[in-house]
Amino acid sequence: MKKIKKPEELRSYRWTGPDDLRSFGHRSRLNQMGYSAADYKGRPVIGVINTWSDLNPCHMHLRERSAEVKRGVWQSGGFPVEIPALSITETFMKPSPLLYRNLLSMEVEEILRSQPIDGAVLLGGCDKTTPGLLMGAFSVDLPTIYLPTGPMLRGNWKGEVLGSGSDAWKYWAEKKAGNLSDQEWCDIESGIARSPGHCMTMGTASTMTSMVDALGLMPTGASSIPAVDSNHARLATDCGRLIVEMVWADLPPSRMLTRESFENAITTDMAIGGSTNAILHLLAMAGRAGIQLDLTDFDRISRKTPVLANIRPSGEYLMEDFFYAGGLKGLMGQIRDLLHLDCLTVSGRSLGEAIKDAPVHNEKVIRALKDPRATEGGTAVLRGNLAPDGAVIKPVAAEKRLLKHTGRAVVFSDYRDLKERIDDPDLVVDEDSVLVLQNAGPRGAPGMPEWGMLPIPQKLLRKGVRDMVRISDCRMSGTSYGTCVLHVAPESSIGGPLALVRTGDLIDLDVDRRSLNVRLSSDEIKRRCETWKPRESPYERGYVSLFLKHVTQANEGCDFDFLRGRGGVPEPDIF
Ligand code: FES
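Residues numbered from 1 in each chain as written. Predicted model: local features only at pLDDT ≥ 70, side-chain atom pairs only at ≥ 80, totals over all residues. Heavy atoms only, no water.

### Observations regarding the layout of surface pockets
Stated precisely, the cut-off is as follows: Throughout, the protein atoms alone are placed on a 1 Å grid, and a set of points is a cavity if a 1.4 Å probe fits but cannot get out or a pocket if it is open with protein on both sides within 12 Å along at least five of seven lines; lining residues have an atom within 4 Å of a point. Grid points are joined across faces, edges and corners, and a volume is the space filled by probe spheres set on the points. Side-chain classes follow a simple rule in which Ala, Val, Leu, Ile, Met, Phe, Trp, Tyr, Cys and Pro form the nonpolar group, Asp, Glu, Lys and Arg form the charged group, and the remainder, Gly included, forms the polar group.
Roughly 530 Å³ of internal volume is contained in the second largest pocket. Lining the second largest pocket are 20 residues; nearest its centre among them are N439, G444, A445, P446 and R535. For the lining of the second largest pocket, a count of residues per class yields ten nonpolar, four polar and six charged.

### With respect to empty space enclosed by the protein
Test applied: Secondary structure is summarised from DSSP: a helix means a run of H or I of at least four residues, a strand means a run of E of at least two, and numbering begins at the N terminus for each.
Across all of its chains, the model carries one cavity of 30 Å³ or more by this definition. Approximately 40 Å³ is the volume attributed to the largest cavity. Taken together, I279, L280, L295, G390, A391, H487, A489, A554 and N555 make up the full set of residues lining the largest cavity. Breaking the lining of the largest cavity down by element, the ones donating at least two residues are α12 (277-288) and β8 (387-393).

### Quick notes on the environment of E263
To keep things clear, this is the line we draw: When a residue's accessible area, from a 1.4 Å probe over protein chains only, is under 20% of the maximum for its type it is buried; when over 50% it is exposed; and in between it is partly exposed. What makes two residues a contact is simply this: any of their non-hydrogen atoms within 4.5 Å. Polar contacts, as used here, are pairs of N or O atoms within 3.5 Å; protein pairs need one atom able to donate a hydrogen and one able to accept it. Residues neighboring in sequence count only if both atoms are side-chain atoms.
By the element assignment, E263 lies in helix α11 (residues 259-272). With a relative accessible area of 13%, E263 lands in the buried category. Taking C-alpha positions, E263 is 34 Å from T406, a pair spaced 143 residues apart along the chain. Aside from chain neighbours lying at most four places away, what touches E263 is R300, I301 and H340. In this structure the side chain of E263 is engaged in a polar contact, spanning 2.8 Å, whose partner is the side chain of H340.

### Remarks on the packing of aromatic side chains
Under the convention used in this document: Ring pairs shown here join Phe, Tyr and Trp side chains whose ring centres sit within 6.5 Å, with only the six-membered ring taken for Trp; geometry is labelled stacked below 30 degrees between planes, edge-to-face above 60, and tilted in between. For a Lys NZ or an Arg CZ to count as sitting over a ring, it must be within 6 Å of the ring centre and within 35 degrees of the ring normal.
Applying the stated criterion to the full structure yields twelve aromatic pairs. Seen from their ring centres, Y543 and F547 are 6.3 Å apart, and the 55° between their planes marks the pair as tilted. Residue Y543 and its partner F547 are both found in helix α20 (residues 542-550); the two are separated by four residues, about one turn of the helix. Three or more aromatic residues joined by ring pairs form one cluster here, namely Y100, Y543, F547, F560 and F562. The ring of W248 carries K3 above its face, with NZ or CZ at 4.1 Å from the centroid. Positioned above the aromatic ring of W52, the side-chain terminus of R63 is 3.9 Å from the ring centre.

### Concerning the pairing of strand β7 (residues 380-384)
To keep things clear, this is the line we draw: Strands qualify as paired when DSSP identifies two bridges or more between them.
Across four bridges, β7 lies against β8 in antiparallel orientation. Each bridged residue has a counterpart across the sheet, and for A380 the counterpart in β8 is I393. Where β7 folds back on β8, the antiparallel hairpin that results is connected by two residues.

### Re the pattern of salt bridges
Applicable threshold: The salt bridge criterion pairs a side-chain nitrogen of Lys or Arg with a carboxyl oxygen of Asp or Glu, the two atoms within 4 Å.
Scanning the model with the defined rule gives 40 salt bridges in all. One salt bridge in this structure joins R367 and D371, with 3.9 Å as the shortest N-O distance.

### Focus on helix α7 (residues 166-176)
Residues of α7 that are buried include every one of S166, D167, Y171, A173 and K176, and no others. The secondary structure elements touched by the buried residues of α7 are β5 (155-157), β6 (160-162), α8 (182-191) and α18 (458-461). Count one or two residues on from α7 and you reach G178, which has phi positive near 90°.

### Some points on helix α4 (residues 62-75)
What counts is decided by this rule: Multiplying 1.5 Å by the residue count of a helix minus one yields the expected span of that helix. This arc is taken over the directions from the axis of the helix to the C-beta atoms.
End to end, α4 covers 20 Å across 14 residues, agreeing with the expected 20 Å (1.5 Å per residue, within 8%). Where α4 is concerned, the buried positions are L62, R65, S66, E68, V69, G72 and V73. Looking straight down α4, one finds its buried side chains confined to an arc of 160°; they lie on one side. Residues of α4 that are buried make contact with β1 (45-50), β2 (79-84), β3 (119-124), β4 (144-148) and α10 (230-248). Directly beyond the C-terminal end of α4, a positive phi value near 90° is found at G77.

### Regarding the side chain of T129
With respect to the helices, strands and loops of the structure, T129 is situated in helix α6 (residues 129-140). Relative accessible area serves as the criterion here: at 0%, T129 is assigned to the buried category.

### Concerning unusual backbone geometry
The omega angle of the peptide bond from R312 to P313 is 15°, so this bond is cis rather than trans. Tracing the chain through its elements places P313 in the loop between α13 (295-304) and α14 (319-324). The step from A489 to P490 runs through a cis peptide bond, and the omega angle for that step is 0°. The topology assignment puts P490 in the loop between β12 (484-485) and β13 (506-510). Positive phi outside glycine occurs at D250, with the angle close to 50°. Topologically, D250 is positioned in the loop between α10 and α11. Overall, the relative accessible area of 28% leaves D250 in the partly exposed class. Within the chain, H487 stands out as a residue other than glycine whose phi angle is a positive 60°. Following the sequence through the fold, H487 ends up in the loop between β12 and β13. The class for H487 is buried, based on a relative accessible area of 4%.

### A few points about the side chain of R101
How we decide: In summary, the charge assignment counts Lys and Arg as positive and Asp and Glu as negative, without counting His or the chain termini.
Counting through the fold element by element, R101 comes out in helix α5 (residues 98-114). No salt bridge is formed by the buried R101. Its closest oppositely charged neighbour is D559, at 4.8 Å. One polar contact links R101 to H281, side chain to side chain, over a distance of 3.0 Å. Those residues in contact with R101 that lie beyond four places of it in its chain are I88, K128, P131, G132, M135, L280, H281, A284, G557, C558 and D559.

### A closer look at the packing of helix α9 (residues 204-215) against α12
Definition in use: Working convention: axes come from line fits to C-alpha atoms, limited for helices to the stretch in contact. Angles between N-to-C directions cover 0 to 180 degrees. Angular relationships are summarised with four words: roughly parallel below 35 degrees, roughly antiparallel beyond 145, roughly perpendicular across 65 to 115, and oblique for the angles in between. Whether a crossing is left-handed or right-handed is set by the direction in which the near helix is turned from the far one by less than a right angle, anticlockwise for left-handed and clockwise for right-handed.
Contact pair α9 / α12: the axes reach a minimum separation of 10 Å and the direction vectors enclose 40°. In terms of orientation, α9 lies oblique with respect to α12. In the crossing of α9 with α12, the sense of the turn from one axis to the other is right-handed. In this structure, α9 contributes T204, T207, M208, M211, V212 and L215 to the contact, and α12 contributes N277, A278, H281, L282 and M285. Residues belonging to the contact of α9 with α12 are distributed by class as follows: seven nonpolar, four polar and no charged.

As structure tokens, then:
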């Protein structure tokens, strides 16, 4: 990369360069930490933003990776500074980690802007950390590389391969159906997560790191490297070396992010059969980059993009297999004709150069273009009188027979109601019913939890039923599957039509036609609307009350209304 910046043009120079009282203070405090001018003078300061935490199993190797990034920064003549940031742990944060994505983004934005930092390496991977870290970085627009945590190794149970999430849902259903013993369930618990790294199915974590890879914000193909592979440690050091070059070459995200690069991310999302959560996060990330995307972009690209990755939950294999088969680089090589190849990557090369001649080693895992898993339909966008602003479904993860379906609604007014009644032997429900969950959206839950794969009632599980049409305004885990209509907008807790559905109403789903409707006359909808009342919120203070006031709906990415768009905040004065 061509060096175009001089040391005195570095942003950090404003803190450490001038001969004045403030800079004296900054330099004396660096001395206090044991650094001398030789360590930092004229060197780019690189923020290594680390989301390691004792409560985040997906990030438990990030302290070592951070040291490896720093090694690369030193080697290239930079000055690394490690800074912790909120670790959004998918497993433990309640009611929903999505609630905290925007908080992380605000934290990263302020960390980078308020301090003498010239470039950043962001360390994350567990679902919401990827969009959260990058949304903040896009808002500040300093040179940035994303170091993904990498997927964990395959799970194992008696020699059988287990996938994160997907196999937990599968075997839980078998246990409820009476087909699995307590001991077997216990053994699965010990074998499903065996190493550091994020979920190794094509869940939200793998999808989001793949999206960022396709956007060009990490060395191409890096998202597929397993967390414990020595390639991953070397990747960390490479990122450290590269970010220093990017600072000298003045390569911030705004020089890489374009409408075309986001279209590359969406195309890749469809070809990997990615998580429905990607839609939400890409909308929010594009918003921070000042790029206008909407749901129709996803549906348009979905219709022309074949699904090539054969990864669970929609396929058979796991991320470790994907890496051995050629990884994302190999997959993008297969769909190169659908990509905008001129888009720039962190290496300073175009995407086209980065994926040139990328091989595929196993066509069972990464299918050839002439033999796709599906010719289209990674994710589809539905509309109708039940979702005027849109809803999403992942057809490749659903039973085909249900993609055109009419059934009577069985309505649950919230998640507590669902938990209490779903397994009630007296619940009036059959395999043709449509399960509806209300008040689970961005404001309703709050934070739009991953409750969208509503459980199949136990009495139907015992009859062998494993999929039904389910509709909600929440999300589902990227590791989930089934005929689940998600992200219904506007959500029920603000009076969207989903709030008006009653048990017994007939609902029509037609994925081919992209429609979702309840068979009610407009007069009846109006009548029900007049008697609908919002629920009282128990959240009156703190961050959650800020979230409730400013979060946008699912079709807009659930970012805060005051954070969209690039720039607008001045550099801090240094007095
Ligand atoms: Fe961290 Fe799944 S729990 S990615």
